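# Summary of structural features
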Amino acid sequence: MTPSSSNPAPASPPPRVARVAVAVPLHRLFDYSVPAELPMPAIGARVAVKFSGRRTVAVCVAQNPADAHDRLSPLIEVLDDDNLLGEDLWRLAQWMADYYQHPLGEVIATLLPSAARVPKRLKIVRPECWEICGPAGDLTRAPRQARLYECLLAAGGRLQTELLYEAGFQRSHIVALAARGLIRKAQGVATGSLRASLPVAGRADQLELNPEQALALAKLGAASGFKPALLDGVTGSGKTEVYLRLMEEVLKLGRQVLVLVPEIALTPQTLSRFEDRFGKAAVLHSNLTDRARLQVWLRARAGEVGILIGTRSAVLSPFADLGLIVVDEEHDASFKQSEGLRYSARDVAVKRAQNLDIPLILGSATPSFESLHNARSGRYQHLRLTERAGRANMPTYRLLDIRGHSLQDGFSDTLVRNIERHLEAGGQVLVFLNRRGFAPALLCGHCGWQAECAACERRMTMHRKPPCLICHHCGRRADLPDECPDCRHQTLIAVGLGTQRSEAFLSERFPEVPVYRIDRDTVRSQRRMEERLAAIHSGERAILVGTQMLAKGHHFPDVSLVAVINADGGFMSPDFRAPERTAQLIVQVAGRAGRAERPGEVLIQTYQPDSPQLRALIEEGYGAFAQRELAGREAADLPPYQPIALVRAESGDADLARSWLESIRSQLGKDLECFGPAPALIPRVADRWRFQLMVGATTRAVLHRGLHPLLAVGNGPRNLRWSLDIDPYDTF
Ligand code: ADP
Ligand code: ZN
Ligand code: ZN
């Protein structure tokens, strides 16, 4: 070491540099100089920069990096005083960028609510309030004002304007009372604050937990640190009750709770159960405005939200002191994001709970094979609830062999007779069919013409309400022809079954019973959906026809028969996850039956009554089915035994997409196992050809390392779009 000079020359101050992440699909960061008049941005603070000529929001990831270039353009503005994401999310962002091999700037952009992606400072907007500031005096000549004053007094002297409006007061009453100097405007406490989330006294103790629930709760423990648990409980076994009890313990410790659910619009009942127990919860779902979403986000970050309930992206919310994560229906496909940053909210939740050293519950009646595998190998606690809580019994399953039977619009005589029997006994019937529309194909019986989407080369689905043809892949619509466009014969035939056709058949066969159809086409209108649900919950005789939407969350206490029109298709798809998904659907739909006092019956029509998969499922249950299937996955080196990734490419030029993937394949690590490139299951959507390269590896580290060359690829050729999907859910 050279001795330091005792008299150093006065150095000019070193240049100040901020290294930032920008939301672009490049695996690199960008340096900017920090002008003297601006503070050095904190790591994790947003800044405004000029990027490609545009004012853009970026996030500071390093201060004065040693290898910074000189001659940098200056930062324009520093937008936050500290790390906006907080330590916990910051760490999670780094992990996601690494695990999903996604550019950090894009990961951060995904984490930020869109209202935070504009160059503006953020603040929590407190709702306007009015508070009492003078004695009542004589208000006999202004009775509305007198009542307003009393109302405020009864509420402890202060209320939000919004609530006053709800109580029937008008702005004029408020202004008049304020003019008398009796009340004044104030800033309110945000609703849904931690206080408001504390358990409503007494209610929590109404149900006595059954022994399985009590055991599960005891093993969970609110203060136990990272302890992932799979709560594997049959439908109606009281999983939600277990969540509620554990949440109560965590809230009592003054900590926050995150609850992830598949789809809020479809599970209003779940939400209301949380609110009945704890008062108002903060909710994040896709129908919120950007501003409202930002406010929930900021309040959770400030610790003002006790319980946050949300769909997939809620796992990326900031918290001041998160103490528990619950993932309800953890098997649900909606937890996997299928574009951009293709993360699994369930897996991210596990990582986050681990980072924070807090408990995590994954709940399901039909756990994902990943979670079952983790439970069986001891990584997760395996908590089982094997019986329905309360008085309900498990439904009984029966296969209806339809080989050689003539079907009418998909229904066998036996099935129709059973439907009749249940309706006569005053029960409701649920008919499950996983295809919307009227018929999946329209054919000419004379020349064989079929209605195809010009952009996808796939059959278009015929719809009757309203009459038209719709491509279910790209959404394109066409008029319903009344004669064959090729041979001009009026010989068009609707082939196959959709929910509209079942609805039409059932309405005709049972004219005196209302038929309610529930699928993506009917639930689009929230209000009509609610009307339907109200009618169904009135308990009157009814038939429900629908797609997998019926399988989610709803309780239909008066349904005594569940009919699965065809179980075979799902087991035959080339996607290795198809059997898992099909079994989950069947069990979930079946679980809607007989939830109250009526015993439930499940009838499954099949052409393959001896299928070992179907038999395992209905005779031995989901667990045994999963065991069998998992053995197959292990033998085939598929997840959850070995990790896979999918590189997808699409282009208007099929050769380009294929040859590009071939060149990628040649660059990837030699210890990867590559399959493809091969055309996707739907090879062309909206005029673009789709190819994919499936990549497997013996371990995650090998996979990760082997995919490294992709980091340098950037955007790829101009007329090609590509993406990397780590742990893909749909593999075709
Ligand atoms: P899951 O979430 O497993 O589908 P829920 O928690 O919704 O089950 O419980 C199903 C029904 O059983 C609900 O109506 C619930 O109130 C009731 N229930 C739950 N636990 C108990 C219990 N210990 N005793 C009586 N009823 C219960
Ligand atoms: Zn024809
Ligand atoms: Zn199409």
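Residues numbered from 1 in each chain as written. Chains lettered and ligands numbered in written order. Predicted model: local features only at pLDDT ≥ 70, side-chain atom pairs only at ≥ 80, totals over all residues. Heavy atoms only, no water.

So, about helix 1 (residues 86-99). Compared with the 20 Å implied by 1.5 Å per residue over 14 residues, the 20 Å span of helix 1 between its first and last C-alpha is a close match. Every buried residue belonging to helix 1 is among D88, L89, W90, L92, A93, W95, M96, A97 and Y99, and all of these are buried. A positive backbone phi angle near 50° is found at Q101, which sits one or two residues after helix 1. (Helix = DSSP H or I, 4+ residues; strand = E, 2+ residues; numbered from the N terminus. Expected span 1.5 Å × (residues − 1). Buried < 20%, exposed > 50% of the residue type's maximum accessible area, 1.4 Å probe, protein only.)

In the vicinity of ligand 1 there are 17 residues, among which E208, Q213, K239, T240 and R273 approach most closely. Contact distances for ligand 1 include 2.8 Å between a nitrogen atom and a side-chain N or O atom of Q213. At 2.9 Å, a backbone N or O of G238 approaches an oxygen atom of ligand 1. Here ligand 1 loses 75% of its free accessible area of 560 Å² to cover by the protein chains. Here the shell around ligand 1 gets 3 residues from one element, more than from any other, and that element is helix 7 (residues 239-252). For the shell around ligand 1, the per-class residue count stands at 4 nonpolar, 8 polar and 5 charged. (Near = heavy atom within 4 Å. Polar contact = N/O pair within 3.5 Å; in protein donor to acceptor, adjacent residues only side chain to side chain. Areas by Shrake-Rupley, 256 points an atom, 1.4 Å probe, with all protein chains shown as cover. Nonpolar A, V, L, I, M, F, W, Y, C, P; charged D, E, K, R; others polar.)

This brings us to the coordination of the zinc ion (ligand 2). In this structure, C444 (SG), C447 (SG), C484 (SG) and C487 (SG) serve as the protein donors to the zinc ion (ligand 2), at separations of 2.2 to 2.3 Å. For the zinc ion (ligand 2), the 4 donor atoms are set out with angles of 106 to 113° between them, so the coordination reads as tetrahedral. Each donor residue of the zinc ion (ligand 2) belongs to the same chain, with the gaps between them written as C-x2-C-x36-C-x2-C. Here C444 is found in strand 18 (residues 441-444), whereas its partner C484 is found in the loop between strand 21 (477-478) and strand 22 (492-495), with 40 residues between them in sequence. For the pair C444 and C484, a shared accessibility class is recorded, and that class is buried. (Donors = N, O, S within 2.8 Å, 3.2 Å for Na, K, Ca; no water. Tetrahedral: all angles 85-135°; square planar, octahedral: opposite > 155°, others 65-115°.)

A few words now on the confidence of the model for the chain. Any region with low pLDDT has predicted coordinates that should not be read closely. When pLDDT is averaged along the chain, the result is 86, and 93% of the positions lie at 70 or above. Helix 14 (residues 526-537) is the least confidently modelled element of the chain, averaging 77 in pLDDT, while helix 10 (residues 345-356) averages 97, the highest of any element. Between residues 1-5, whose pLDDT stays under 50, and residues either more than four places distant or in other chains, the model counts 0 contacts. Contacts of residues 190-202 to residues separated by more than four positions or lying in other chains number 36 contacts, the stretch itself having pLDDT below 50. (pLDDT = per-residue confidence, 0-100. Contact = heavy atoms within 4.5 Å.)

Counting 113 residues, the largest nonpolar core has M96 and L707 as the members making the most contacts within it. With 8 residues, the top contributor of residues to this core is helix 1. If we skip the residues at most four places from it in the chain, M96 touches Q101, V107, L111, L316, L341, Y343 and V348. Listed in part, the 29 residues of the second largest apolar core include L231, F278, L324 and L385. (Core = buried A, V, L, I, M, F, W, Y, C linked by side-chain atoms within 4.5 Å.)

In this model, P639 is joined to P640 through a cis peptide bond whose omega is 5°. Counting through the fold element by element, P640 comes out in the loop between helix 18 (622-635) and strand 27 (644-651). The amide bond that connects G676 to the next residue, P677, takes the cis arrangement and shows omega of 10°. With respect to the helices, strands and loops of the structure, P677 is situated in strand 28 (residues 673-685). Notably, D637 is not glycine yet its phi reads approximately 55°, a positive angle. With respect to the secondary-structure elements, D637 resides in the loop between helix 18 and strand 27. Among the residues examined, D637 registers a relative accessible area of 36% and is labelled partly exposed.

Attention now moves to the layout of surface pockets. For the second largest pocket, the calculated volume is near 950 Å³. Taken together, 37 residues form the lining of the second largest pocket, with Y99, D347, N374, R700 and D727 sitting closest to its centre. At the level of elements, helix 1, helix 10, helix 11 (369-376) and helix 16 (578-590) are the ones that each hand at least two residues to the lining of the second largest pocket. With 5 residues, the single largest contributor to the lining of the second largest pocket is helix 10. By residue class, the composition of the lining of the second largest pocket is 15 nonpolar, 10 polar and 12 charged. (1 Å grid on protein atoms, 1.4 Å probe; cavity = no way out; pocket = protein on both sides within 12 Å on 5 of 7 lines; lining within 4 Å. Points joined across faces, edges and corners; volume = space filled by probe spheres on them.)

For the structure on display, the rule yields 10 aromatic pairs. Between W95 and Y99, the ring centres sit 4.8 Å apart and the planes meet at 25°, which makes this aromatic pair stacked. Here the residue W95 and the residue Y99 both occupy positions in helix 1, the gap between them amounting to 4 residues, near one helical turn. Residue classification places Y99 among the buried positions, given a relative accessible area of 16%. Aromatic pair F369 and F625: ring centres 6.5 Å apart, planes at 55°, arrangement tilted. (Phe/Tyr/Trp six-rings, centres within 6.5 Å; stacked < 30°, edge-to-face > 60°.)

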